[in-house]
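# Coordinate analysis (summary)
Each chain, letter by letter, is given below.
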Amino acid sequence: RCLDNMRAKEGRGWITINEAKSIVSRYGIALGAEFEELLELFHELGVIIHLTNTSILREIIVTKPQWLMIALCKIIRDDSQHGFDIGAVTDAGLLSDVNTLIESGLAS
């Protein structure tokens, strides 16, 4: 149930570490080593992604790994094979950002 509640955020594939702490505390899981062990176990099983290399990464828990793969594929792409919907990009006001991405590989 704990994992199900962590994954329940509608429209998001991630939660913050504080949201996770709030969820697990409802199930009697201590917010120290026990919490860290739970995250490590879920990460090793591949049901979440919790990276700890930097303080920023430690703050985010990817609860839907497929969501992350889809998001990364939108960045790492071959434009000749997978073009952008220029109309949608223009409507969103992101045309110059997409052009910079295509030309230099930098996204803002």
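Above this text sits the structure in question.
Description of the structure in this document. (Residues numbered from 1 in each chain as written. Predicted model: local features only at pLDDT ≥ 70, side-chain atom pairs only at ≥ 80, totals over all residues. Heavy atoms only, no water.)

A cluster of acidic side chains, namely E34, E36, E37, E40 and E44, defines a negative patch on the protein surface. Along the chain, E44 falls in helix α3 (residues 33–45). (Patch = residues over 30% accessible without salt bridge, like charges linked within 9 Å, V, L, I, M, F, W, Y side chains within 5 Å. Areas by Shrake-Rupley, 256 points an atom, 1.4 Å probe, with all protein chains shown as cover. Salt bridge = Lys/Arg side-chain N within 4 Å of Asp/Glu carboxyl O. Lys, Arg positive; Asp, Glu negative; His and termini not counted. Charge placed at Lys NZ, Arg CZ, Asp CG, Glu CD. Helix = DSSP H or I, 4+ residues; strand = E, 2+ residues; numbered from the N terminus.)

Evaluation of the coordinates by the stated rule reveals zero aromatic pairs. We note R12 situated over the ring of W14; from NZ or CZ to the ring centre the distance is 4.0 Å. (Phe/Tyr/Trp six-rings, centres within 6.5 Å; stacked < 30°, edge-to-face > 60°. Lys NZ or Arg CZ within 6 Å of the ring centre and 35° of its normal.)

Our focus in this paragraph is a nonpolar patch on the surface. The grouping of M69, L72, I75 and I76 at the surface amounts to a nonpolar patch, some 400 Å² of accessible area in total. In this fold, I75 is placed in helix α5 (residues 65–75).

Within an α-helix, residues lying three or four positions from one another point in the same direction, as the helix has 3.6 residues per turn. Look at α3: 18 Å from first C-alpha to last across 13 residues, which is about the 18 Å you get at 1.5 Å a residue. Buried within α3 are the following residues: F35, L38, L39 and F42. Along the axis of α3, the buried positions cluster into a sector of 95 degrees, meaning they face one direction only. Across from the buried face of α3, at angles greater than 90 degrees, the exposed residues are A33, E37 and E44. Buried residues belonging to α3 abut α1 (2–6), α2 (17–25) and β2 (60–62). Looking at the residues trailing α3, positive phi occurs at G46, about 85 degrees. (Expected span 1.5 Å × (residues − 1). Buried < 20%, exposed > 50% of the residue type's maximum accessible area, 1.4 Å probe, protein only. Arc of directions from axis to C-beta. Contact = heavy atoms within 4.5 Å.)

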